[in-house]
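Below are the chains, spelled out letter by letter.
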Amino acid sequence: MNKRNQKNNRDAQPVAIIAAGNGDMGFIREVKERSGTDLSACFHCRCCAGGCPFVEAMDYSPHGIIRLAQLGMREEVLKSATIWTCVGCHTCSIACPMAIDMAAVMDALRGIAIESDAAIAEPDVLDFHREVLRSIERYGRTHKLEIMMRYKVKTRDWFTDMDVGLRMLAKRKLDLMPSKVRNTKDLKRMFRKNAEGGIP
Amino acid sequence: MSRSKRIPLSYFPGCSMATTAKENNRSLIEFCEQIGYDLIEVPDWNCCGSSSAHSVDAELAQDLAARNLTLAPRGRPLLAACPNCMLRLRGAQRHLAEDPDAQQRCEARWGRPVDPNLKLIHFFDLLAGADMKGLNKTSPGLKGLKFVPYYGCMLARPPAMRHEPNHHGLMEKILSDLGAEPRRWGYGARCCGTFLSVVRPDVVGAMVDAIFRNAAAAGADCLVTACAMCHMNLEVRSTLQNRIPVLHFSEALALAVGEGNGKDWFSRHLVDPRPMLRSARLIG
């Protein structure tokens, strides 16, 4: 490195600092137990980020989440938008040279985030998932019209997609009545796991 | 494929095909009938958990998928055409096979045995061995149809499933055997956005528009997709004024064997494919 560069380096402000001093080193083990995937295998080749269709809507790239986990930065991971933006399409998994099951990792991280009451960076995503599960709890199958209506109520966003909904109704794409499972006892058995109605 | 040698298959339609994509469901059943398979719906099946159950509750996701496995009659393969349903059912079956405790719990919960040898077959598995060129000699075929295949994420799989058969290029092969012309493009494996379509329509809209623009630039008259959810997201989220229609793979197949005329499938599309099909002389 020549003198000039040295000077520039001294003067430049660092772009981002990851303060990794107080890492929770049990975190990566917890993720491994839940996901069946060893995150320490990741050497950050960035293949996952390169292929991810939604990386631009994320705050950390997929391998960024892994890096944070490797550094034990539990809170940063759990409050990231990335874990809610990932749809689990497995595009990254087919590119990953270490066969990391990113979708399973994201499932595990969402589970931990919910259980540890972490701040949810994308509450609308969680609200949507909850409405889908409530629909399955009620009918055994998803009733799209009701899911959308309830999601609108929950997010208080009435007008986005009104036109889409009307076009779908006109094309008979949204059934007014749900398709149902007859054996409601089976459904109760699946959802009667915790006191608050079964849905996390 | 003669009428006399018919093969019964258990069939798991899944929520999308049973409701929003009935045209996908009907055309699939009719096409299968034509090539010698009778689809018998799994009695009282439930949702596989979709993209939501596994996202927030692993145990519930396993229960939802596994209940369906207990409902499938022994000795008859179970067919599903929805890629996500298939993935969930296969994931649940793998979990039961790997964990004897889970298998026991599942059987105790439902009071029914689970057939560990239940064969799960995706619609693509069924077609992979079929002789479409032979079929083409006796059927109207798809001559004149220029299409781009849209697989979405269905060919991408978790690492644990890496060694299972993968059907890259299957839609191109089958449909070109039937006389259609696949166009080359680079967007066939872009994810459709699944639930982000609802939560982040801005993000998914831009992506879907890029998919349509590239399909048209490749010289296609339509996209062909093998997933009902992809179909919906493509149709619903595009903001383009002029865009080409999206056919379900099953609709294209049913058309090829002469089952498409006079059906109410195409009126259920947000972008009406009938003008395109008429100009390609595939419907009257």
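How each quantity is defined
Residues numbered from 1 in each chain as written. Chains lettered and ligands numbered in written order. Predicted model: local features only at pLDDT ≥ 70, side-chain atom pairs only at ≥ 80, totals over all residues. Heavy atoms only, no water. Helix = DSSP H or I, 4+ residues; strand = E, 2+ residues; numbered from the N terminus. Contact = heavy atoms within 4.5 Å. Areas by Shrake-Rupley, 256 points an atom, 1.4 Å probe, with all protein chains shown as cover. Pairing = 2+ DSSP bridges. Buried < 20%, exposed > 50% of the residue type's maximum accessible area, 1.4 Å probe, protein only.

Novice: So what's going on with the overall build of chain A? Which residues, and what values?
Specialist: Counting its secondary structure elements, chain A contains twelve helices and zero strands. Reading chain A from its N terminus to its C terminus gives the helix and strand order α-α-α-α-α-α-α-α-α-α-α-α. Across chain A, contacts joining residues at least 24 apart in sequence account for 66% of those joining residues at least 6 apart. If you sum the accessible surface of chain A, you get close to 11000 Å²; carbon and sulfur atoms cover 52% of it.

Novice: Report on the sheet that holds strand E6 (residues 181-182) of chain B, specifying residues and quantitative values.
Specialist: Residues and elements named next belong to chain B. As summarised here, the arrangement of the four strands in space is E6-E5-E7-E8, forming an open sheet in which the pairing is parallel. The open sheet has two free edges, formed respectively by E6 and strand E8 (246-248), since each of these has just one partner strand. Across three bridges, strand E7 (residues 222-225) lies against E8 in parallel orientation. Across the sheet, threonine 225 pairs through a bridge with histidine 248, a residue of E8.

Novice: Tell me what's going on with helix H13 (residues 249-256) of chain B, and back it up with residues and numbers.
Specialist: All names here are of chain B. Along H13, eight of the eight residues are buried, which leaves the element largely enclosed by surrounding structure. If you check which residues of H13 are buried, you get Phe249, Ser250, Glu251, Ala252, Leu253, Ala254, Leu255 and Ala256. Buried-residue contacts for H13 involve helix H2 (22-34), helix H7 (123-128), helix H9 (170-177), E7, E8 and helix H14 (274-279). Just downstream of H13, glycine 258 is the residue with a positive phi angle, here 85°.

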